[in-house]
Amino acid sequence: MTVIQENPAAAAGTAAAADTEAEVLGLYRAHLSKGRATLAELFGSHMEVASEGAWLTTSDGERFLNAGGYGVFIMGARHPIVMEEVERQLRTHPTATRILLEPTVARAAEALVSVMPQGLDRVHFGLSGAEAVETGLKLARAGGFKRTVSMSGGYHGKTLGALSATAKEVYQKPFRPLLPDFHHLPFGDADALEAELAAHPGEVCVILEPVQGEGGVIIPPKGYLKRVEELVREHDGFLILDEIQSGFGRLGEWWGADFEDVRPDVLLAGKALGGGVLPVSAAVATRKAFRPFDKDPYIHTATFSGQPVLMAAVQGAVRAMKEDRLVTRATDLGAALLPRIAEIAYRNIPELVVDVRGQGLLIGVELVEAGLAGELLIELFNHGVVANHSMNGSSVVRFTPPAVLSDTDVEFLLNSFDLATRDLVSGAATMPEGGN
């Protein structure tokens, strides 16, 4: 495994360190989001200004273990292999005209296909996960699949098409009407899906995640994903597997599809695909599914799709995952972390915890109410750990630590979780009845 040297107090030498928290908070309120500024205040208005490996540093020199980042940092921050590739490309040719052939995008596509399920060999690159979702949905529509089924609790992004698939009232309501012919079924219910597909043969695109990350780390019954694929094939449907968060080693395999040998028509990648350095996503399709884009290269384009500096990050990310054996490391770390996190939770907060579940380095702690999840996030932060809430499962605290954690980092994470849960239960005990 590549050794990442610690970068102590890197923030002191950055321009951002000259800013005060109050100044930056004011700029957020003036130009960005008042709600985001209020949320920042709950976490003490800290400013993150430097990062390396599993750690980030704030402007006042405090260091935090990053077990959050919404799944982006499977190889940590500023991995040396990724940085080497990106810095080389920055010095030579960061942005292309997109008129001439450009080798970096070709090599990035080759690298990504090398770790994909067999048969997925056509790539369209984007920047955000939502762009990848839109690409998959457009391929389905172009192929004649006009009726789309997604799963309750699923999260696919917030652009208009992606939002139509994201079955969450609070996100959809302000923007209705959304795209027509989107329908939502219970996640894990193969019988419900079979009835839908049988009622509309040859018409249905199914989009789902192998594990619902933003849904609160919801793991379907064993065999469900394979059964979904079988049903889609039986009824001449179209299958999109959204692995933007679950993929690229996060679950302990390259892709969630690998656990049950599933081959979708389109597999969506993102978040970690840019190596924790640059924003990159991709829709990777079979030749048959990709046919509409082969016929007309201008039917679905974007100015920054496949730009060289982004593609250098993809090549570096695939190299880093392979050379450092980070997929295997994610399996081993997940197997060590999950039972210990569960033991701490059930020992310290037995009346407040509903469930502890996970796969690989995607771990969720479900509490009895959303307010407690928010309080636990703050307590974790107070003890030096950044974690995330779950957008579609608001009572779930989600851990997505990097696969570069050292043994010392693991013990720090577990000790901080132990202290945070102890503080949470003492806070709950002193909370006025009916308040939070």
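Bear in mind that the values here come from a model prediction, so they are computed numbers and not experimental data.

Trainee: Is there a simple way to explain the sheet that holds strand E3 (residues 63-66) in this structure?
Mentor: The strands making up a sheet associate through hydrogen bonds between their backbones, and the pairing can be parallel or antiparallel. Strands sit in the order E1-E2-E3-E13 across an open sheet of 4 strands; the sheet is mixed. This sheet does not close on itself; its edge strands, each paired only once, are strand E1 (48-52) and strand E13 (385-386). Across 3 bridges, the pairing between strand E2 (residues 55-58) and E3 is antiparallel. Opposite Thr57, over in E3, you have Arg63 as the bridge partner.

Trainee: Mind showing me how you'd approach the environment of Ser128 here?
Mentor: Tracing the sequence through the fold places Ser128 in the loop between strand E4 (122-126) and helix H5 (129-142). Along the primary structure Ser128 and His156 are separated by 28 residues, whereas in three dimensions their C-alpha atoms are 11 Å apart.

Trainee: Which parts of the structure should I look at to understand the pattern of salt bridges?
Mentor: Two side chains of opposite charge can pair, provided their charged atoms sit close to one another. Per the stated rule, a full pass over the model turns up 23 salt bridges. Between Arg88 and Glu84 there is a salt bridge whose closest N-O contact spans 3.1 Å. Of the two residues, Arg88 and Glu84 are both situated in helix H3 (residues 80-92); the distance of 4 residues between them amounts to about one turn of the helix. Among the charged side chains, a network of salt bridges with common partners joins Glu84, Glu85, Arg88, Arg319 and Glu323.

Trainee: I'm lost on the sheet that holds strand E15 (residues 396-399) in this one. Help?
Mentor: Read across the sheet, 4 strands follow the order E11-E12-E15-E14 without closing on themselves; strand pairing throughout is antiparallel. The two strands at the open ends of the sheet, each matched to only one other strand, are strand E11 (353-359) and strand E14 (388-389). Pairing geometry for strand E12 (residues 362-367) and E15, over 4 bridges, is antiparallel. Following the sheet pairing, Glu366 is matched in E15 by Val396. Those strands touched by helix H12 (residues 326-348) are E11 and E12, and its axis lies near 175 degrees from that of E11. Packed on one face of the sheet, helix H13 (residues 370-382) meets E12, E14 and E15 and runs near 35 degrees to E15.

Trainee: Please clarify how helix H11 (residues 308-323) should be interpreted in this entry.
Mentor: Along an α-helix, a turn takes 3.6 residues, which lines up residues three or four apart on a common side. Counted at 1.5 Å a residue, the expected span for H11 with its 16 residues is 22 Å, and the 22 Å between its end C-alpha atoms agrees. Counting buried positions along H11 gives 13 out of 16 residues, so the element sits mostly inside the fold. Trailing H11 by a residue or two, Arg325 shows a phi angle of about 55 degrees, which is positive.

Trainee: How should the packing of aromatic side chains be read in this particular structure?
Mentor: By convention here, two paired aromatic rings are described through the distance between centres and the angle between planes. As enumerated under the stated definition, the model contains 10 aromatic pairs in all. Consider the rings of Phe248 and Trp255, whose centres lie 6.1 Å apart with planes at 55 degrees: the pair is tilted. A ring pair is formed by Phe399 and Phe417, whose centres lie 5.7 Å apart and whose planes are at 85 degrees; its orientation type is edge-to-face. On the criterion of sequence distance, the pair formed by Phe399 in strand E15 and Phe417 in helix H14 (residues 407-430) is long-range, its members being 18 residues apart. By relative accessible area, which is 1% here, Phe399 ends up buried. In this structure Phe417 comes out as buried when scored by relative accessible area, which is 1%.

About the criteria used
Residues numbered from 1 in each chain as written. Predicted model: local features only at pLDDT ≥ 70, side-chain atom pairs only at ≥ 80, totals over all residues. Heavy atoms only, no water. Pairing = 2+ DSSP bridges. Helix = DSSP H or I, 4+ residues; strand = E, 2+ residues; numbered from the N terminus. Salt bridge = Lys/Arg side-chain N within 4 Å of Asp/Glu carboxyl O. Contact = heavy atoms within 4.5 Å. Axes fitted to C-alpha atoms, helices over the stretch in contact; angles between N-to-C directions. Expected span 1.5 Å × (residues − 1). Buried < 20%, exposed > 50% of the residue type's maximum accessible area, 1.4 Å probe, protein only. Phe/Tyr/Trp six-rings, centres within 6.5 Å; stacked < 30°, edge-to-face > 60°.

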